[in-house]
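Residue strings, one per chain:
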Amino acid sequence: MMDRQQLHRSGYALLRGAIPSHWLPGLRATFDSGYLPSDQWPVPRGHDWRHAQLDHDPTVQALCRLPALLEVAGELIGERFFLAQVEGREPMPGGGHQRLHRDLSSQRPGDSVSALAFLDDYGPDNGATRLVPASHRPGVGEAPFNFDDESHTQQLSGQAGDILVFDVDLVHAGSLNVQGGRRRTLLIGYFAEPLYAAHLRTAKLRNVRMDCSECFEPNRTTA
């Protein structure tokens, strides 16, 4: 059962083994076949990452609608929400390091949630995500976060099939893929329903091809 207080306090949840194991081989193949070089996207992507276009794949779409994933996303957003985008990302050998950052909510704190679905085992050796728990809601009078201060970061590790779900205001970053192992992920975005019109205006710039009109109720798994 989801601990809602802990979720809102920490700003994220790591769903262990959330992806059915028999989906993983097909999802990896979909990622690899959907790879597009940076210059083939409407807006060029980072040179040290692989990016895959895969939002039409039915298993990818089913993954984005897993009940446990929708439950956590809905709890964080707190109102009707929609699946905005999904794409594949993987740090290349010797690449993937990011400075700590926030992706930032759009109209109000908590109106956007991201998820990383891990298709390979992940950890410090292959550039696993690092984050700062409870950094998404600074306290009144709290000093601005120093994005060069790594002293409170935690680096995740786990197995293929896990899904990280987090408030976009949570401080986080990708890490250096030191040993060059595969770390394919699906980056999924969920937005509160009032952001739908703005999302449509920029969807082509992000190469979103799927129908995003379906909405979900918080704490439910159906539209």
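As annotated in an unreviewed UniProt entry, the protein carries the name Phytanoyl-CoA dioxygenase family protein and is attributed to Pseudomonas mosselii. We quote the UniProt Cofactor (unreviewed entry) comment for the protein here in full: "Fe(2+)".

As a further point, take empty space enclosed by the protein. For the structure on display, the rule yields 1 cavity of 30 Å³ or more. What lines the largest cavity is Trp41, Gln53, Leu54, Asp55, Gln85, Val86, Glu87, Arg206, Asn207 and Val208. A breakdown of the residues in the lining of the largest cavity according to their chemical character gives 4 nonpolar, 3 polar and 3 charged.

The next subject is the side chain of Thr129. Along the chain, Thr129 turns up in the loop between β5 (112–118) and β6 (130–131). Sequence-distant contacts of Thr129, defined by excluding residues within four places in its chain, comprise Leu116, Phe118, Gln154, Gln155, Leu156, Leu164 and Ala173.

Moving on: the environment of Asp211. The residue Asp211 is located in the loop between α5 (196–202) and β11 (215–216) in this model. Spatially, the C-alpha atoms of Asp211 and Asp149 are 40 Å apart, while their sequence positions differ by 62 residues.

Taken as a whole, the largest pocket holds about 700 Å³ of empty space. Gln85, Arg89, Asp103, Ser114 and Leu187 are, among the 34 residues lining the largest pocket, the residues nearest its centre. Of all the secondary-structure elements, those providing two or more residues to the lining of the largest pocket are β3 (49–52), β4 (81–91), β5, β9 (172–173), β10 (185–192) and α5. No other element matches β10, which puts 5 residues into the lining of the largest pocket. By residue class, the composition of the lining of the largest pocket is 13 nonpolar, 15 polar and 6 charged.

As a further point, take the pattern of salt bridges. For the structure shown, the criterion picks out 20 salt bridges. For the salt bridge of Glu217 with Arg80, the shortest nitrogen-to-oxygen distance reads 2.8 Å. Of this pair, Glu217 sits in the segment after β11 while Arg80 is found in the loop between α4 (67–77) and β4, placing the two residues 137 residues apart along the sequence. The exposure class of Glu217 is partly exposed, given its relative accessible area of 21%.

The tally for this structure, following the rule as stated, stands at 0 disulfides. In this structure Cys212 is a free cysteine whose sulfur lies 10 Å from that of Cys64, the closest cysteine sulfur available. For Cys212, a relative accessible area of 4% gives the class buried.

Criteria and thresholds
Counting restarts for each chain: residues are numbered from 1 in the order of the written sequence. Confidence filtering applies because this is a predicted model: local features only for residues at pLDDT of at least 70, side-chain atom pairs given and counted only at 80 or more, and all residues used for totals across whole chains, interfaces and linings. Side-chain figures throughout are based on the complete set of non-hydrogen atoms in the structure, without hydrogens or water. UniProt positions are given in the numbering used here, feature names are shortened, and annotations may be inferred rather than shown by experiment. Cavity and pocket criteria rest on a 1 Å grid covering protein atoms alone: a 1.4 Å probe that fits but cannot get out defines a cavity, protein on both sides within 12 Å along at least 5 of 7 lines defines an open pocket, and an atom within 4 Å of a point defines a lining residue. Grid points are joined across faces, edges and corners, and a volume is the space filled by probe spheres set on the points. Gly is placed with the polar residues, together with every amino acid not listed as nonpolar (Ala, Val, Leu, Ile, Met, Phe, Trp, Tyr, Cys and Pro) or charged (Asp, Glu, Lys and Arg). Each helix corresponds to a stretch of at least 4 residues labelled H or I by DSSP, and each strand to a stretch of at least 2 residues labelled E; elements are numbered beginning at the N terminus. Residues count as neighbours in contact if any of their non-hydrogen atoms are within 4.5 Å of one another. For this analysis, a salt bridge means a side-chain nitrogen from Lys or Arg found within 4 Å of a carboxyl oxygen belonging to Asp or Glu. We call a residue buried when its accessible area falls under 20% of the maximum for its residue type, exposed when it is over 50%, and partly exposed in between, using a 1.4 Å probe and counting protein chains only. A pair of cysteine sulfur atoms is labelled a disulfide when the two atoms are within 2.5 Å.

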